[in-house]
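Structural description and commentary
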Amino acid sequence: MFIQTESTPNPATLKFLPGQTVLEMGTADFPNSDAAGTSPLAQRLFGVEGVTGVFFGTDFVTVTKSEGTDWDHAKPAILGAIMEHFQSGQPVMADGAAQAGGHAAHDGEDSHIVGQIKELLDSRVRPAVAQDGGDITFHGFDRGVVYLHMQGACAGCPSSTLTLKMGIENLLRHYIPEVTEVRPVAV
């Protein structure tokens, strides 16, 4: 098994490509070890010293390290944990564990605007941030303000504020005049 690695805009996060499907659909975010109970792979990765976050996409695993951890020390152990997991035959997610489909539900008078927001996020934004090992999902819309949840490499990335304001906000405001601002939300 050959696992490729890619850097991300977040220096604390690396993207690992195992060359096979990680999740059939959706994403799974484990911002800390307490959240990893539903995933044998995430549990194994949190067993590596210095790992502080794990995120799964359809064909990649993103791992975030602590500030005091050096990639030269952590990367071989992470590669070993991923390889051991896929060779063990264990599932990535435990039976019955839910993967995130992405966006939060939104009903009401703004539902047509929210539909447009979600469509633009799915077609223009999410594929681009997945290339960087992360995901951005819709969390809410209130009086012109769009609230987005940043996951994986996007969470805590130094350039995420710039991406959110200059990229996503400008895109949404261009196509949807009702949007006045985009803000991140912690979940």
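Because the structure is predicted, anything quoted here is derived from the model rather than measured.

Time to look at the environment of Asn-10. Mapped onto the secondary structure, Asn-10 falls in the loop between strand S1 (4-7) and strand S2 (13-17). A relative accessible area of 4% places Asn-10 in the buried class. Along the backbone, Asn-10 and Gly-133 are 123 residues apart, and their C-alpha atoms lie at a distance of 9.4 Å. Discounting chain neighbours no more than four positions away, the residues touching Asn-10 are Ala-153, Ala-155, Gly-156, Cys-157 and Pro-158.

Along any regular strand, the residues point their side chains to alternate faces of the sheet. Most of S2 sits out of view: five of its five residues are buried. Alternating positions in S2 separate into two faces, Thr-13, Lys-15 and Leu-17 on one and Leu-14 and Phe-16 on the other, with burial throughout. Here S1 pairs with S2 via four bridges, running antiparallel. Looking across to S2, one finds that Ser-7 is bridged to Leu-14.

Within this structure, the stated rule accounts for nine salt bridges. A salt bridge links Asp-142 to Arg-143; the shortest N-O distance between them is 3.6 Å. Residue class for Asp-142 comes out partly exposed when judged on its relative accessible area of 38%. Among the charged side chains, a salt-bridge network with shared partners connects Lys-165, Glu-169, Arg-173, Glu-181 and Arg-183.

Taken together, the three strands give an open sheet; going across it, the order is S6-S7-S8, and neighbouring strands pair in mixed fashion. The strands lining the two open edges of the sheet, one partner per strand, are strand S6 (134-142) and strand S8 (181-184). Direction aside, neighbouring strands of the sheet carry axes that sit 30 degrees apart on average. One ladder, built from eight bridges, connects S6 with strand S7 (residues 145-152); its direction is antiparallel.

For the coordinates displayed, the defined rule picks out two aromatic pairs. Ring geometry for Phe-30 against Phe-56: centres 5.3 Å apart, planes inclined by 65 degrees, an arrangement best described as edge-to-face. Here Phe-30, found in strand S3 (residues 28-30), pairs with Phe-56, found in strand S4 (residues 51-56); they are 26 residues apart in sequence, far enough to count as distant. Residues Phe-30 and Phe-56 agree in their burial class; the two are buried. Taking 6.1 Å as the distance between ring centres and 35 degrees as the angle between the ring planes, the aromatic pair formed by Phe-55 and Phe-60 counts as tilted. Across the pair, exposure class does not vary: Phe-55 and Phe-60 are buried alike. Here the guanidinium or amino end of Lys-15 rests over the ring plane of Phe-60, the centre of that ring lying 4.8 Å away.

Across the sheet, which stays open at both edges, the five strands sit in the order S1-S2-S5-S4-S3 with antiparallel pairing between neighbours. Of all the strands in the sheet, just S1 and S3 have a single pairing partner and so form its edges. Going from strand to strand, the sheet's axes swing by 20 degrees on average, the running direction of each strand aside.

This part covers the side chain of Thr-64. One can find Thr-64 in strand S5 (residues 61-65). Ignoring anything within four residues of it in the chain, the contact list for Thr-64 reads Ala-12, Thr-13, Gly-50, Val-51, Thr-52 and Gly-53.

On to helix H4 (residues 160-175), then. Counted at 1.5 Å a residue, the expected span for H4 with its 16 residues is 22 Å, and the 21 Å between its end C-alpha atoms agrees. Residues of H4 that are buried: Ser-160, Leu-164, Ile-168, Glu-169, Leu-171 and Leu-172. On its buried side, H4 packs onto helix H3 (111-131), S6, S7 and S8.

What counts, and at which threshold
- Residues numbered from 1 in each chain as written.
- Predicted model: local features only at pLDDT ≥ 70, side-chain atom pairs only at ≥ 80, totals over all residues.
- Heavy atoms only, no water.
- Helix = DSSP H or I, 4+ residues; strand = E, 2+ residues; numbered from the N terminus.
- Buried < 20%, exposed > 50% of the residue type's maximum accessible area, 1.4 Å probe, protein only.
- Contact = heavy atoms within 4.5 Å.
- Pairing = 2+ DSSP bridges.
- Salt bridge = Lys/Arg side-chain N within 4 Å of Asp/Glu carboxyl O.
- Axes fitted to C-alpha atoms, helices over the stretch in contact; angles between N-to-C directions.
- Phe/Tyr/Trp six-rings, centres within 6.5 Å; stacked < 30°, edge-to-face > 60°.
- Lys NZ or Arg CZ within 6 Å of the ring centre and 35° of its normal.
- Expected span 1.5 Å × (residues − 1).

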